[in-house]
Amino acid sequence: MIKLFVGLGNPGTEYEGTRHNAGFWWVDALARELKLQLSMDKGYHGLVARGTVHGRPVWLLEPQTYMNVSGKSVAALARFFKIAPQEILVAHDELDVTPGQAKLKLGGSHAGHNGLRDIHAQLGTGDYWRLRLGIGHPGVKSEVVDWVLRKPAPEQREAIHECIDRTLKAAPALLAGEMDKATLIVHTSKPPRPKPPRPPEAG
């Protein structure tokens, strides 16, 4: 079962609406759902909320270290409360998934994501759960940094937030350790709305 939900992002108002902060958006939404209040805890270098669900403790964490050193925050809290990597879920932005889609998986590489890279290093393993929130790809590798640090277009942002609302429905299954059920909920999404047919060209 998941005991620690981590959302990745960058602190500060200048980054608030950027694609790289999709993980923060997800944990913010989960906090509202569980009626928990995130507050700064310097000991864990992040915004932390602790609650009890079905008699079991659960933690929410948004590292305030900047993305590249997210692992410092995650490892500090996980070690103190003896939370195993398999009991951690990290919600993060994912270039290789289209906006409006999400993927849930256990383990794997960090695929160049700087937040995951540092969590791998600090935990000493990649065996934690990831909720990969699609932000799409700019199409050119050289534009990736600029892409993740920019705000998504309104329709993309709406798709991401609809995805967050939908994937939150997996939270009870995640908390109960029903990972197959959670995966099914996350991976089941409405097909995109069909585009209206193009008017016939005047002959």
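In this text the structure is predicted, and so the values were computed from the model without any measurement.

### A word on the sheet that holds strand β3 (residues 46-53)
Read from one edge of the open sheet, seven strands run β2-β3-β4-β1-β5-β7-β6, paired in mixed fashion. Two strands in the sheet have a free side with no partner beyond their single neighbour: β2 (39-41) and β6 (102-106). Taken over all neighbouring pairs, the strand axes of this sheet differ in orientation by 25° on average, direction set aside. By the bridge criterion, three bridges tie strand β1 (residues 4-7) to strand β4 (residues 56-63) in an arrangement that is parallel. Its bridge partner lying in β4, Val6 is registered against Leu61. Together, β1, β3, β4 and β5 (88-94) form the strand contacts of helix α2 (residues 70-80), whose direction differs from that of β4 by roughly 160°. Where helix α3 (residues 114-123) meets the sheet, it contacts β5 and β7 (129-134), and its direction lies at approximately 155° from that of β5.

### Observations regarding the packing of helix α1 (residues 22-34) against helix α5 (residues 154-168)
Where α1 contacts α5, the axes come no closer than 10 Å and their chain directions differ by 45°. Put simply, α1 runs oblique to α5. For the element pair α1 and α5, the recorded crossing hand is right-handed. For the pair α1 and α5, the contacting residues are Ala22, Trp25, Trp26, Ala29, Leu30 and Glu33 in the first and Arg157, Ile160, His161, Ile164, Thr167 and Leu168 in the second. Residue composition of the contact of α1 with α5, grouped by class: eight nonpolar, two polar and two charged.

### A closer look at unusual backbone geometry
Backbone geometry places His54, a non-glycine residue, at a positive phi of 55°. On the secondary structure map, His54 appears in the loop between β3 and β4. Despite not being glycine, Ala111 shows a phi value in the positive range, around 50°. Within the element layout of this structure, Ala111 appears in the loop between β6 and α3. Residue classification places Ala111 among the exposed positions, given a relative accessible area of 62%.

### Some details on α3
All of the buried residues along α3 are Gly115, Leu116, Asp118, Ile119, His120 and Leu123. Tucked inside the fold, the buried residues of α3 contact α2, β5 and β7. In the segment just after α3, Gly124 is the residue with positive phi, at about 75°.

### Points about the pairing of β3
It is a general feature of regular strands that their side chains alternate between the two faces of the sheet. Sheet analysis places β2 next to β3, joined by three bridges and oriented antiparallel. Across the sheet, the residue bridging to Ser39 is Val48, located in β3. Two successive antiparallel strands, β2 and β3, enclose a turn made up of four residues, where His45 displays a positive phi of approximately 55°. Here β3 runs beside β4; their pairing, made up of eight bridges, is antiparallel. When the sheet's bridge partners are listed, Val48 is paired in β4 with Leu61. Here β3 folds back onto β4 in antiparallel fashion, the turn holding two residues, of which His54 has a positive phi close to 55°.

Reading the values: rules and limits
- What you see as residue numbers is a count from 1 along each chain, following the sequence as written.
- With pLDDT at 70 or above as the cut-off, local features in this predicted model cover only qualifying residues; side-chain atom pairs require 80 or more to be listed or tallied, and sums for whole chains, interfaces and linings still use all residues.
- Heavy atoms throughout the structure, all of them, feed into the side-chain values; hydrogens and water do not.
- Two strands are said to pair when DSSP picks up at least two bridges between them.
- The numbering of helices and of strands both runs from the N terminus, where a helix is a DSSP run of H or I of at least 4 residues and a strand a run of E of at least 2.
- With axes taken as lines fitted to C-alpha atoms, and helix axes fitted only over the stretch in contact, angles between N-to-C directions fall between 0 and 180 degrees.
- Contact criterion: two residues are considered in contact whenever any of their non-hydrogen atoms come within 4.5 Å of each other.
- Working rule for angles: under 35 degrees goes down as roughly parallel, over 145 as roughly antiparallel, 65 to 115 as roughly perpendicular, anything else as oblique.
- The handedness criterion is simple: a crossing whose near helix is rotated anticlockwise from the far helix by less than a right angle is left-handed, and one whose near helix is rotated clockwise is right-handed.
- We call Asp, Glu, Lys and Arg charged. Ala, Val, Leu, Ile, Met, Phe, Trp, Tyr, Cys and Pro are nonpolar, and the rest, Gly among them, are polar.
- Any residue under 20% of the maximum accessible area for its type is buried, any over 50% is exposed, and the rest in between are partly exposed; the area is computed with a 1.4 Å probe on protein chains only.

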